[in-house]
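# What the coordinates show
One-letter residues, chain by chain:
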Amino acid sequence: MFKKMMCAGLAAVLMVAVAGCGGSKSKSTASNGKAKWPKNVEVVVPYGAGGDTDFNARLLSQKLSKKLGTNIVVSNVKGNGGATGSRKVKDGKKDGSVILFNHTGFIVNKASGASNFGFDDFAFASIVGLNPGNVIVVNKGLGVNSLADLKAYTEQHPDELKIAVQTGATSYVIASQLIKQGFKLKMVDAGAAASRLTALLGGHVDVIFSPYGGVKDYIAKGEMVPLAMDGENDLVIPDKNINVKTIKHQGFDAYVPFYYFVAFPKGTDQALIDSFNAAAKDIIENDKEYQSKIYEMYFQKPMFLAGKDGLTKFADYEKVLKGIQFTQVAKSN
């Protein structure tokens, strides 16, 4: 009888213990799928204000603030081709209070030696956009109307023309690839897109990479000539009579897939990342205002790829980067 009572007592204790463990776990943000967001969240854009990455981050963050019920503020942390801002997030708190909003330049940073970290050092969330890429433009007075024209000109005038890049960024990759294929250009570091445009307008450089939205007015006025897109697809805008072919479609082997992505400090609660992804996916795929604004500004079409699907896109391009020899860059005057 005593033994039976002991067994019954032990069984009861075990049941309480198991129930207690289960009850404790149910309060975890990870187990019930509910994320507890901090009151304030900083989205770090590792480039200057006013560019395409900044625009995408601010528009999406504005929408996310309402969906997630938290105050999201975008900050611009420039430096080292984007590596400075990325490092800030890498070393940030793991409570959801800091998020990185970056693009393909992140893996270029590592491939070119501008940084010593990669996606393994972060908690990757998702790809949240695909920019058509940068357009390569020159001033009309140069008399160049295609990449073939540009190459021929540089062969006749080696190292005369300056091509503006940002060291460690996507422009750096494309310029290095073009030089490898016989374009006799002098590469100079003129900073981010806005600074490169200023350098071209001031006559300090001759060839720049720019988001189409940043130079469309100059092209429309006939002051600048678009030579090529550095992304994967031609830029076709029928109502504006715009058809700019990619570098590859003009017979040269160079491209950068311009994906925007979001990542958290490594060790961030997966429930927060899942919550972010669910909200971002809904906005990107269903919010008509959001879709209209990204197209009007940068001719982007909605794109969302979470987790491994997003990382696979970057892994494919990392293989391309391994075959690139990066050229030394001088500073622009």
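As a convention, each chain's residues are numbered from 1 in the sequence order in which they are written. Totals for whole chains, interfaces and linings use every residue, but because this is a predicted model, local features are given only for residues with pLDDT of at least 70 and side-chain atom pairs only at 80 or more, for both listing and counting. To obtain the side-chain values, all non-hydrogen atoms of the structure were used and water was disregarded.

### Focus: the overall build of the protein chain
Where we set the bar: We count a stretch as a helix when DSSP gives it H or I for four or more residues in a row; a strand needs E for two or more, and each element gets its number in order from the N terminus. All accessibility values rest on the Shrake-Rupley procedure with a 1.4 Å probe; residue burial counts only the protein chains present in the view.
Helix and strand content of the protein chain: twelve helices and 14 strands. Summing over all exposed atoms, the protein chain offers an accessible surface of approximately 15,900 Å²; the carbon and sulfur share of this is 53%.

### Quick word on the side chain of Asp-230
The condition that has to hold: Exposure classes here rest on a 1.4 Å probe applied to the protein chains alone. A residue is buried below 20% of its type maximum, exposed above 50%, and partly exposed in between. All tallies of charge rest on Lys and Arg as positive and Asp and Glu as negative; His and the ends of each chain are not included. We define a salt bridge as a side-chain nitrogen of Lys or Arg found within 4 Å of a carboxyl oxygen belonging to Asp or Glu. Any pair of nitrogen or oxygen atoms within 3.5 Å is treated as a polar contact; in protein, a donor-acceptor pairing is required on top of that, and neighbouring residues in sequence qualify only through side-chain atoms on both sides. The contact rule is simple, with two residues in contact once any of their heavy atoms fall within 4.5 Å.
Mapped onto the fold, Asp-230 is located in the loop between strand E9 (224-229) and strand E10 (235-237). The side chain of Asp-230 sits in the buried core without any salt bridge; Arg-196 is the nearest counter-charge, 7.3 Å away. A polar contact of 2.7 Å, which involves the side chain of Asp-230, links it to the backbone nitrogen of Asn-134. The contact partners of Asp-230, leaving out residues within four places of it in the chain, are Gly-133, Asn-134, Ile-174, Phe-209, Ile-247, Tyr-255 and Val-256.

### Here's the deal with the sheet that holds strand E2 (residues 71-76)
Condition: Note on pairing: DSSP must find at least two bridges between two strands before they are called paired. Geometry is summarised by axes, namely lines fitted to C-alpha atoms with helices restricted to the contacting stretch, and by angles between N-to-C directions that run from 0 to 180 degrees.
Here six strands make up an open sheet; going across it, the order is E2-E1-E3-E12-E4-E13 and the pairing mixed. The two strands at the open ends of the sheet, each matched to only one other strand, are E2 and strand E13 (305-306). Pairing of strand E4 (residues 122-131) with strand E12 (residues 258-265) involves eight bridges; the strand directions are antiparallel. Within E12, the position partnered with Leu-130 by the bridge is Tyr-259. In the packing of helix H5 (residues 105-112) onto the sheet, contacts are made with strand E3 (98-103), E4 and E12, and the angle to E3 comes to roughly 80 degrees.

From the geometry alone we can't say anything about function, so treat these as descriptive.
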